[in-house]
Amino acid sequence: MESKFKPKDLAEFRQVFKSFDHDGSGDIDKSEMRNALSSLKMYDSLSKLDDIMKEVDTNRDGVIAWDEFLQVMYACKFGGKSAGHFGKVYDKQKQTVVKVGHGHTVHSFAVEEMAAFSEHINHCLREDAELKKWKILPIDTSDEKQLGLCKSVKNGILLAKFINVAVPDTIDERALNKPKGGKSLSLFQVNENMNLVINSAKGIGIKVVNIGAGELIEGESHPHLVLGLVWQLVKLQLLNSVNLKSHPELVRLLEEGESLEDLLKLPPEQLLMRWFNYHLKNAGSKRRVTNFSGDVKDSECYTVLLHQIAPGKCDNKALSVSDTKKRAAMVLGNAKKLEVESFITPNDICKGNPRLNLAFTAAIFNQCPGLDPIKEEELEKIGMLEDDTGDSREERAFRMWMNSLGLDDFYINNLYEDCADGVNLLKVIDAVEPGIVYWKKVYKKPGNKFKKVANQNYAVLLGKQMKFSLVGIDGNDFVNKNKKLLLAFVWQLMRHHTLKYLAKVQEKHFGGKQVTDDMMVKWASSKVTAAGRSSKMRSLKDKSLASCVFFLDLLYAIKPKVIDDAYVTDGKSADDRLLNARYAISVARKLGAVVFCIPEDLVEVQYKMVLTFVASIMSCST
């Protein structure tokens, strides 16, 4: 069906379809259509909701699929048919998005989100003297199209600083190019900053597919890309502490018959929703939240939540107010009493904007979870150990790498849970070795253990084809979430992918041969020696690498001006070693390296992370 439309028309249809599909499921269900009608103030059409759905839902499964949506569009555009009630809804919904054209492509973005995130960044970085001095802040929100944010990200400095708000210490600002003597940055310096921003974002799990330095520099022409990147950073910042490691008291959300494992596998959004409903239930409310759009737009659930977690400060008077906008304003007033920093407006709540309402709920949680502290004996009773509450550094690095591959409909929140049925693992294998997976053999929705094991056995078989060391490993191990064995498998996948890419980009040097550890050591050592530096690396496990001086010398050898020797220490103290490691990682990213390790990995000379770090630097060498 898609082939019957021009690219421009198809892009518009897709954007409008997505604006209906709040939960991102790929279908428009009845509640989403009801929310749209309410947001558009098409109250007369609410009584015709069933008829509107039937006009498009041709297979009568209760949802409007993308193909069904296109069939109606085709009938109207080329068949001379009336789109009926749905056509009116479509036309009005289309007017709610701002469209920016690029050749044959039309992209949309929500103006209210751009304004909200601009205000949020203004608040988070309000104390930054440099951003004020360079007139990057405050971001202008008076523009009707809300393109102030796009203008403010042009030199990369704002994004770099906000990345450090989302995940502290991700970027070492010593590696950031900053204006000096009243002069603006050159295009070359801006490009370096953008490399640092984009690669740092990848390193913390942000998807940056189709986003390059050019798109961010020309942000006013690509507002949808700027908004997409900023939203991911805002979401990461606000949801970072919605986990059992930061809040062990979240174990109180366990329901009857559940184990700790059931709670651990929930992504932050679902954990936040579980927390919301926990308080609604304890307050005696019959309401439950299943999304952050239609279920919260009347402000009733917010009112009950705030009163439940802080009855001494937040009243529930809003429940007796019939005007939803006034009720939303009262909710924001209660949130302010708890010192919740929110950038949502009453109108955003009433419209059921899912991103802004998710962010608002997270802000409430971060300020006042309203859960009784957990006692040590309670932790022991449910088997909650330190290792259970958070991920290992290795697991984190592998997860970030997998998420950076840019796969569609793919995100790994918990390596062990999200790879348990084999589907995601097979997707990664297929990305590492395109075409190796014969998808007709794969159970894409394995509903039982037999099918999951079959998928995992296939993954192991493919691993053996790629010459992985998998003695004594079978599919059951991955289905049963054997951490040690799964980490071993994924490490071999990551190593295979890294060295395969390295052999390709350094084909002249290695002659297309498979790259070995010794080849990497020899290459890096010769580069450092040729640059006149004295540091040495005898192997990738060489304990002298802990000072990180060799890594900085290698970066200098590739591009001398990128290293400022004034920032390099001898690495004799623990603090100095960490300073060197942080600087080395940020400089590598500035050169274009995609790095997933953290400074501690280098200081401790963790072999796997050292290998990937050196390989990432080598891939940037011409």
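What counts, and at which threshold
- Numbering of residues begins from 1 in every chain and follows the order in which that chain's sequence is written.
- Since the coordinates come from a predicted model, pLDDT governs what is reported: local features require at least 70, and pairs of side-chain atoms require 80 or more to be given and counted, while whole-chain, interface and lining totals use all residues.
- The side-chain values count all of the structure's non-hydrogen atoms but skip hydrogen atoms and water molecules.
- Secondary structure counts use DSSP, requiring at least four H or I residues in a row for a helix and at least two E residues in a row for a strand, with both numbered from the N terminus.
- Exposure is judged per residue with a 1.4 Å probe applied to protein chains only, and the accessible area is read against the type maximum: over 50% gives exposed, under 20% gives buried, and values in between give partly exposed.
- Note on contacts: a residue pair qualifies if any of its non-hydrogen atoms lie within 4.5 Å across the two residues.
- Per-residue and other accessible areas follow the Shrake-Rupley method at a 1.4 Å probe size, with only the shown protein chains counted as cover for residues.
- Only rings of Phe, Tyr and Trp enter the pairing, Trp through its six-membered ring, and a pair is recorded when the two centres are within 6.5 Å. The plane angle decides the type: under 30 degrees is stacked, over 60 is edge-to-face, the rest tilted.
- Counted as over-ring charges are cases with an Arg CZ or a Lys NZ within 6 Å of the ring centre that also lie within 35 degrees of the ring normal.
- Take the number of residues in a helix, subtract one, and multiply by 1.5 Å to get its expected span.
- Just to be clear on terms, a salt bridge is a Lys or Arg side-chain nitrogen sitting within 4 Å of an Asp or Glu carboxyl oxygen.
- Working convention: axes come from line fits to C-alpha atoms, limited for helices to the stretch in contact. Angles between N-to-C directions cover 0 to 180 degrees.
- Oblique is the label for any angle not under 35 degrees, not over 145, and not in the 65 to 115 range, which are roughly parallel, roughly antiparallel and roughly perpendicular in turn.
- Note on convention: the crossing is left-handed when the near helix lies turned anticlockwise from the far helix by less than a right angle, right-handed when the turn is clockwise.
- Only Asp, Glu, Lys and Arg are considered charged, only Ala, Val, Leu, Ile, Met, Phe, Trp, Tyr, Cys and Pro nonpolar, and every remaining residue, Gly among them, polar.
- By convention a nonpolar core is built from buried Ala, Val, Leu, Ile, Met, Phe, Trp, Tyr and Cys residues, the set being connected through side-chain atoms within 4.5 Å.
- Counting rule applied: Lys, Arg positive; Asp, Glu negative; His and chain ends not counted.

A. Representation of the overall build of the protein within the structure. Scanning the protein from N- to C-terminus turns up 33 helices and 4 strands. With the C-alpha coordinates of the protein rotated into their principal frame, the extents come out at 80 × 65 × 65 Å. Residues counted as buried form 50% of the 622 residues belonging to the protein. Intrachain contacts of the protein at a sequence separation of at least 6 include 61% that bridge at least 24 residues. For the protein, the computed accessible surface area is about 29,200 Å², with 49% contributed by carbon and sulfur atoms.

B. Focus on the packing of aromatic side chains. One pass over the structure, following the stated rule, counts 17 aromatic pairs. The interplanar angle of 20° and the centroid separation of 5.9 Å between the aromatic rings of tryptophan 66 and phenylalanine 69 together place this pair among those described as stacked. A residue pair is termed a helical-turn pair when its members lie 3 or 4 positions apart in one helix, as tryptophan 66 and phenylalanine 69 do in helix 5 (residues 66-78) at 3 residues. Neither residue differs from the other here; tryptophan 66 and phenylalanine 69 are each classed as buried. Summarising the aromatic geometry, the rings of tyrosine 302 and phenylalanine 360 are spaced 5.0 Å apart at their centres and angled 75° between planes, so their arrangement reads as edge-to-face. Taken as a pair, tyrosine 302 in helix 16 (residues 300-309) and phenylalanine 360 in helix 19 (residues 354-367) lie far apart in primary sequence, 58 residues in all. Given a relative accessible area of 0%, tyrosine 302 falls into the buried group. What makes phenylalanine 360 buried here is its relative accessible area of 2%. One aromatic cluster is present, built from ring pairs that chain together Phe13, Phe17, Phe20, Trp66, Phe69, Phe86 and Tyr90. Its end group placed over the ring of tyrosine 556, arginine 533 keeps NZ or CZ at 3.6 Å from the ring centre.

C. Geometry of helix 7 (residues 111-124). Here helix 7 spans 20 Å end to end across 14 residues, near enough to the 20 Å set by a 1.5 Å rise per residue. Looking at helix 7, one finds that the buried residues are Glu113, Met114, Ala115, Ala116, Phe117, Ser118, His120, Ile121 and Asn122.

D. Examining the environment of glutamate 339 more closely. Structurally, glutamate 339 is set in the loop between helix 17 (324-337) and helix 18 (346-351). On the accessibility criterion, glutamate 339 (58% relative accessible area) is exposed. Residues glutamate 339 and isoleucine 364 lie 25 residues apart in sequence; the distance between their C-alpha atoms is 9.0 Å.

E. Region of the structure containing the pattern of salt bridges. Evaluation of the coordinates by the stated rule reveals 30 salt bridges. Among the salt bridges present, the one from glutamate 433 reaches lysine 500, with a minimum N-O distance of 3.5 Å. Here the residue glutamate 433 occupies a position in the loop between helix 24 (423-432) and helix 25 (449-465), and lysine 500 occupies one in helix 27 (residues 483-505), the gap between them amounting to 67 residues. Assessed through its relative accessible area of 22%, glutamate 433 is described here as partly exposed.

F. Just the packing of helix 30 (residues 549-558) against helix 33 (residues 607-618), in detail. At a closest axis distance of 11 Å, the pairing of helix 30 and helix 33 adopts a crossing angle of 15°. One finds that helix 30 runs roughly parallel with respect to helix 33. The handedness of the crossing between helix 30 and helix 33 comes out as right-handed. Mapping the contact onto sequence places Phe551, Leu554, Leu555 and Ile558 in helix 30 and Val610, Phe613, Val614 and Ile617 in helix 33. Looking at the contact of helix 30 with helix 33 residue by residue, the classes come out as 8 nonpolar, no polar and no charged.

G. The arrangement of the nonpolar core in detail. Of all hydrophobic cores here, the largest spans 173 residues; its most connected members are Leu158, Trp275, Phe276, Phe360, Leu493, Phe551 and Phe613. Counting residues per element, this core draws most heavily on helix 13 (residues 223-239), at 11 residues. Leave out the neighbours within four places in its chain, and leucine 493 touches Trp401, Leu425, Val428, Ile429, Val432, Met466 and Phe468. Within the second largest apolar cluster, 25 residues are counted, among which are Leu37, Leu49, Trp66 and Tyr90.

H. Region of interest: the side chain of aspartate 348. For aspartate 348, the position within the fold is in helix 18. One buried charged residue, aspartate 348, forms no salt bridge at all, with the nearest opposite charge on lysine 351 at 6.1 Å. Leaving out residues up to four positions away in the same chain, aspartate 348 has contacts with Glu112, Phe343, Asn353, Leu356 and Asn357.

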